[in-house]
Amino acid sequence: MTDQPDLPRGEARSERQQASDVVVHLQDYRSNQDPLPITFHRRELDLILRVYGRMVGEGEWRDYAMDHLREKAVFSVFKRSGEMPLFRIEKNPKLAAKQGAYSVVNTHGTILKRGHDLQQVLKVFDKMLKLIDT
């Protein structure tokens, strides 16, 4: 009787010891792991939720969803929760050096505004003054 666990059928003790004697460097282990998902930082989320709160107050939006994926973070806005999102506010760091990491996309996939500064990109939701004929 030993204090070692039982081996599965057909496996010899020498095979088990060789597999457990492998040393893996921590740096190599971390580099093989899946990358962390892209997320919105607290200040970015504060800017987005400020616009979201204003639009909810005006009755334009009613629900939202956040997705944190490997390549981008997405804040989707809905009129009703069972429908397609009206708008998607996306953060894609791979585009930061080119066109800007932030973009606003409508239901049809058209990019309404893209840029390096989230506050400037979110200005697409500011109300434009319209001329009314009477």
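Residues numbered from 1 in each chain as written. Predicted model: local features only at pLDDT ≥ 70, side-chain atom pairs only at ≥ 80, totals over all residues. Heavy atoms only, no water.

Draft legend 1. Structural detail: the nonpolar core. Core analysis: the largest hydrophobic core is formed by 19 residues, its most contacted members being Ile-48, Trp-61, Phe-75, Ile-89, Leu-122 and Phe-125. Counting only elements with at least two residues in this core, the list comes to α3 (42–57), β2 (73–78), β3 (87–91), β4 (102–106) and α4 (118–121). (Core = buried A, V, L, I, M, F, W, Y, C linked by side-chain atoms within 4.5 Å. Buried < 20%, exposed > 50% of the residue type's maximum accessible area, 1.4 Å probe, protein only. Helix = DSSP H or I, 4+ residues; strand = E, 2+ residues; numbered from the N terminus.)

Draft legend 2. Region of interest: a nonpolar patch on the surface. A surface patch of nonpolar side chains, about 420 Å² in accessible area, is lined by Val-22, Val-24, Leu-26 and Tyr-29. If you trace the backbone, Val-22 turns up in the loop between α1 (13–20) and α2 (26–32). (Patch = residues over 30% accessible without salt bridge, like charges linked within 9 Å, V, L, I, M, F, W, Y side chains within 5 Å. Areas by Shrake-Rupley, 256 points an atom, 1.4 Å probe, with all protein chains shown as cover. Salt bridge = Lys/Arg side-chain N within 4 Å of Asp/Glu carboxyl O.)

Draft legend 3. Representation of the pairing of strand β5 (residues 111–115). Bridging between β4 and β5 involves four bridges; their strand directions are antiparallel. Bridged to Val-104 within β5 is Lys-113. (Pairing = 2+ DSSP bridges.)

Draft legend 4. Focus on the sheet that holds β3. Ordered by their spatial adjacency, five strands build an open sheet running β1-β2-β3-β4-β5, and the pairing between neighbours is antiparallel. Only two strands of the sheet have a single partner each, and these edge strands are β1 (63–68) and β5. With strand direction ignored, the average angle separating the axes of adjacent strands in the sheet is 15°. Here five bridges tie β3 to β4, and the two strands are oriented antiparallel to one another. (Axes fitted to C-alpha atoms, helices over the stretch in contact; angles between N-to-C directions.)

Draft legend 5. Looking closely at the layout of surface pockets. The calculated volume of the largest pocket comes to roughly 150 Å³. Taken together, Leu-47, Arg-50, Val-51, Arg-54, Gln-119, Leu-122, Lys-123 and Asp-126 make up the full set of residues lining the largest pocket. Looking at which element gives the most residues to the lining of the largest pocket, the answer is α3, with four residues. In terms of residue class, the lining of the largest pocket is built from three nonpolar, one polar and four charged. (1 Å grid on protein atoms, 1.4 Å probe; cavity = no way out; pocket = protein on both sides within 12 Å on 5 of 7 lines; lining within 4 Å. Points joined across faces, edges and corners; volume = space filled by probe spheres on them. Nonpolar A, V, L, I, M, F, W, Y, C, P; charged D, E, K, R; others polar.)

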